[in-house]
Amino acid sequence: MFEKNQPIDVVIIGGGFSGSKMAVDLLQNHQARSVVLIEKNEGMIGGGLAYGTACADNMHQTNLPASRMKGTSYNLDFDFLSGFEDKFSPDRRKVMNRREYGEFIKRRLARMKARYDDFQIIQGEVHDIKEKGHFNIVSLADGTEIKARHTVIATGNSELKRLPCLSDEVLSDPDIAERVTVNQWDVNEKSKLKNIPRYGSVLIVGTGLSGDDAFRSLLHSGFRGNVIMASRNGYRHFPYRNKHKDLKPYRNSVPAFMWQIRAGNYSPKEVLQSALNEFEQLTGIHVNSETGQLRRRTLWERASQTIRPVPYSSEEVLNDWQRYVPEIAEFLGPKEFGKVISHYGALLNTLRVGAGYDVSREIRNAQKLGARPFLSIKAANLMDVRLSSAGQKLNVTYKDTETGEEQVWQVDHIISSLGPNYDFSHSNHSLWQNLYRRGYASTHATGVGLDVNKNGLLAGAKTITAIGPVTAGQRMLDDGIIGPPAYSVPGMSSSIDRAREAVAQKIRKSVSRNQGAAPKLSPELERLKYAW
Ligand SMILES: Cc1cc2nc3c(=O)[nH]c(=O)nc-3n(C[C@H](O)[C@H](O)[C@H](O)COP(=O)(O)OP(=O)(O)OC[C@H]3O[C@@H](n4cnc5c(N)ncnc54)[C@H](O)[C@@H]3O)c2cc1C
């Protein structure tokens, strides 16, 4: 506890992009007198999972161009990342090194720490938050407690998706566990990659950006064997256009399916089909609404006079549709809307998420015959993982999505790359278990992330706010951002600002109720301060 039992104004859990932005903006805007940022892993201060030195190697790049990674606050007269232009020359095309970006944020935090006595960054893993009247008590794993007027959860991408065939039970066999990387961004787990034979075989589970990340790690570690990337549909996202034009297909009009929704005489299924038809007209990408399969229009179809040329990228169309999403969600209701999203989740990710050209080029090159490492991409449903009879390899039983046949791959190593999980109701972490048990946290009606209001306040709490990826469900309803862009730097920044304004208002009220000097760190917490 603090001297004289004084509470800290704002305690922030998680020192990645979201927590750092919250802390810096609160302090710079003089919206909180005392701020404590708690981060469990020193290598993640500033960068978090995506850009932290603990996770991102030098070859990892951002999947958005620098021009979109600034995280600017819309209503402040300073920039969260001031000096960004000098460092990264935010070109509309150029992507950045993820690690450098994280280190840049970390330096920004260090400058803030030097400037504000009442800003501290401490090491610890939060296991519980308990509300008490107008305050709450944040408990760390070692039993230390911090009293706060308000707590902000910015724990980001800490939970990862995993297939049942790679469950804890399966991995309880140490011979299997040493051949499976469950968290490709965990420093200790990464060391397993060194044991893979140079010309061996690796299965990457997931064909999205996390899979790309894993492939890059292998490529740059000198691995030259065979890589299979597999997911149920085998979808690959399209690379960003080299020249991103940011065209707006509906600058002066409204999409046809919106008229149907407004007229109210179409079923959700018909509206969806109408949207997909329109999507095909604009992008030339045909989506089968039953199977979700994608097909680019053939040259013959494109050349035919009945079909317009294809001027737009899927990203441009979906960006422009974004402003109608809240209205569509209202029409369908959050639950039905959530179902559509979960059904088309992989497809939307494919259509929305781009990769930088460098990454895409590496992937394409590796698919060419004779390339080392050689990469093949498969649509398959993985069913079972066992040690081979000789005990040297893993036998992976899968069902080929196209043929329906059951087959077996024999590989030296598996990397699980399905990306973050935003359903916390079954989490093994005591923080989530406690928040659900106490009724502060509940799952959002769309099934994605936590139930929060527009400002991120947890539905069952008065003094606990969440920001960042854990609020993705509400972001869809409020801002219309669907899929990974909802957890990206440009997608999250304005909602973090909204949350900050609301927290600042609450603090003002709480401080005026309980006047007093800003608290000093207790000797107990002084001990946990990061040294830098
Ligand atoms: C590999 C990867 C690459 C990405 N690349 C991009 C990109 O190029 N561009 C883009 O815009 N978006 C990208 N994203 C999206 C990313 O979600 C956001 O850009 C952003 O980094 C999220 O930041 P965050 O602070 O909310 O979460 P995180 O970065 O996940 O940070 C959360 C922090 O909380 C800490 N923490 C968690 N639980 C606790 C606890 N109980 N106690 C204490 N500390 C805790 C973690 O250690 C971590 O440091 C990427 C995501 C991933 C996973």
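Draft legend 1. A look at the packing of aromatic side chains. Following the criterion strictly, the structure yields six aromatic pairs and no others. A network of ring pairs unites the aromatic residues F257, F279 and W321 as a single cluster. The ring of F135 has K147 sitting right over it, with the charged end atom 4.6 Å from the ring centre.

Draft legend 2. Just the nonpolar core, in detail. Formed by 64 residues in total, the largest nonpolar core has its most connected members in I38, I129, I153, L435, L450 and L458. No other element matches helix α13 (residues 334–352), which puts six residues into this core. When we break this core down by domain, the ones giving at least three residues each are domain 1 (3–159 + 421–526) and domain 3 (256–352). Contact partners of I129, with chain neighbours within four places excluded, come to I13, N136, I137, V138, T151, I153, L431, L435, R438, Y440 and I464. Of all hydrophobic cores here, the second largest spans 40 residues; its members include M22, L26, M69 and V511.

Draft legend 3. Summary view of the domain arrangement of the protein. According to the domain assignment, the protein consists of domain 1 (3–159 + 421–526), domain 2 (164–238 + 355–416) and domain 3 (256–352). Inter-centroid distance (C-alpha atoms) of domain 1 to domain 3 is 34 Å. Opposite the 13 residues of domain 1 that make contact, domain 3 presents 13 residues. At the boundary of domain 1 with domain 3, total buried surface from both sides reaches about 1,100 Å², with 70% on carbon and sulfur atoms. At the surface where domain 1 touches domain 3, the tally comes to one salt bridge. One salt bridge in this structure joins R68 and E315, with 3.9 Å as the shortest N-O distance.

Draft legend 4. Just the site of the ligand, in detail. Not every one of the 37 residues close to the ligand is listed here, only the nearest: S18, E39, Y51, N63 and N157. Separating an oxygen atom of the ligand from a backbone N or O atom of N63 is a distance of 2.7 Å. Within the contact set of the ligand, an oxygen atom lies 3.1 Å away from a backbone nitrogen or oxygen of Y487. Protein chains shield 95% of the accessible area of the ligand, which is 1,000 Å² for the free molecule. For the shell around the ligand, the secondary structure elements donating two or more residues are α1 (17–28), β2 (35–39), α2 (48–51), β3 (61–65) and α17 (489–513). Among the elements that take part in the shell around the ligand, α2 stands out by supplying four residues, more than any other.

Draft legend 5. View of the packing of helix α12 (residues 325–332) against α13. Close contact between α12 and α13 brings their axes to 6 Å; oriented N to C, the two are set at 115°. Viewed along their axes, α12 and α13 adopt a mutual orientation that is roughly perpendicular. Handedness of the crossing formed by α12 with α13: right-handed. Two secondary-structure elements touch here, α12 through V325, A329 and L332 and α13 through P334, E336, F337 and V340. Taken together, the residues that form the contact of α12 with α13 break down as six nonpolar, no polar and one charged.

Draft legend 6. Examining the layout of surface pockets more closely. In this structure, the second largest pocket occupies an estimated 710 Å³ of space. Forming the walls of the second largest pocket are 33 residues, and the residues nearest its centre are L272, A275, L276, V340 and Y344. Contributing elements (two or more residues each) for the lining of the second largest pocket: α8 (256–263), α9 (268–283), α11 (314–321), α12 and α13. With 11 residues, the top contributor of residues to the lining of the second largest pocket is α13. A per-class count over the lining of the second largest pocket returns 23 nonpolar, five polar and five charged.

The rules behind each value
- Residue positions are given per chain, counted from 1 along the sequence in the order it is written.
- Side-chain atom pairs in this predicted model are given and counted only at pLDDT of 80 or more, local residue features only at pLDDT of at least 70, and totals for whole chains, interfaces and linings cover all residues.
- By convention in this description, side-chain values take in all heavy atoms of the structure and omit both hydrogens and water.
- In summary, the pairing rule links any two rings of Phe, Tyr or Trp, Trp by its six-membered ring, whose centres are within 6.5 Å, and it sorts them by plane angle into stacked for under 30 degrees, edge-to-face for over 60 and tilted for everything else.
- Only Lys NZ and Arg CZ are tested; either one counts as a charge over a ring when it is within 6 Å of the ring centre and within 35 degrees of the ring normal.
- Joining through side-chain atoms within 4.5 Å is the link that ties buried Ala, Val, Leu, Ile, Met, Phe, Trp, Tyr and Cys residues into a set, and such a set is a nonpolar core.
- Only protein chains enter the area calculation, which uses a 1.4 Å probe; residues under 20% of their type maximum are buried, those over 50% are exposed, and those in between are partly exposed.
- Only DSSP runs of H or I reaching four residues or more are called helices, and only runs of E reaching two or more are called strands; each is numbered from the N terminus.
- Bear in mind that the domain bounds are from an automatic or database domain assignment.
- Any pair of residues with heavy atoms lying within 4.5 Å of one another is described as a contacting pair.
- Simply put, the buried area is the total loss of 1.4 Å probe accessible area from both parts when two parts are fitted together.
- Each reported salt bridge corresponds to a side-chain nitrogen of Lys or Arg within 4 Å of a carboxyl oxygen of Asp or Glu.
- Distances are taken per atom, and a residue is near a molecule or strand as soon as one of its heavy atoms is within 4 Å of it.
- Here a polar contact is taken to be a pair of N or O atoms separated by no more than 3.5 Å, where protein atoms must pair a possible hydrogen donor with a possible acceptor and residues adjacent in sequence count only if both atoms sit in side chains.
- Here the open area of atoms and residues is found with the Shrake-Rupley method and a 1.4 Å probe, where only the protein chains shown may cover a residue.
- Throughout, an axis means a line fitted to C-alpha atoms (over the contacting stretch in the case of helices), and angles, computed between N-to-C directions, take values from 0 to 180 degrees.
- By definition in this entry, angles of less than 35 degrees are roughly parallel, angles greater than 145 are roughly antiparallel, angles of 65 to 115 are roughly perpendicular, and the rest are oblique.
- Here a crossing is called left-handed whenever its near helix is offset anticlockwise from the far helix by less than a right angle, and right-handed whenever the offset is clockwise.
- Under this grouping Gly is polar, as are all residues other than the nonpolar Ala, Val, Leu, Ile, Met, Phe, Trp, Tyr, Cys and Pro and the charged Asp, Glu, Lys and Arg.
- The rule is simple: put a 1 Å grid over the protein atoms alone, call a set of points where a 1.4 Å probe fits but cannot get out a cavity, call an open set with protein on both sides within 12 Å along at least five of seven lines a pocket, and count a residue as lining if it has an atom within 4 Å of a point.
- Grid points are joined across faces, edges and corners, and a volume is the space filled by probe spheres set on the points.

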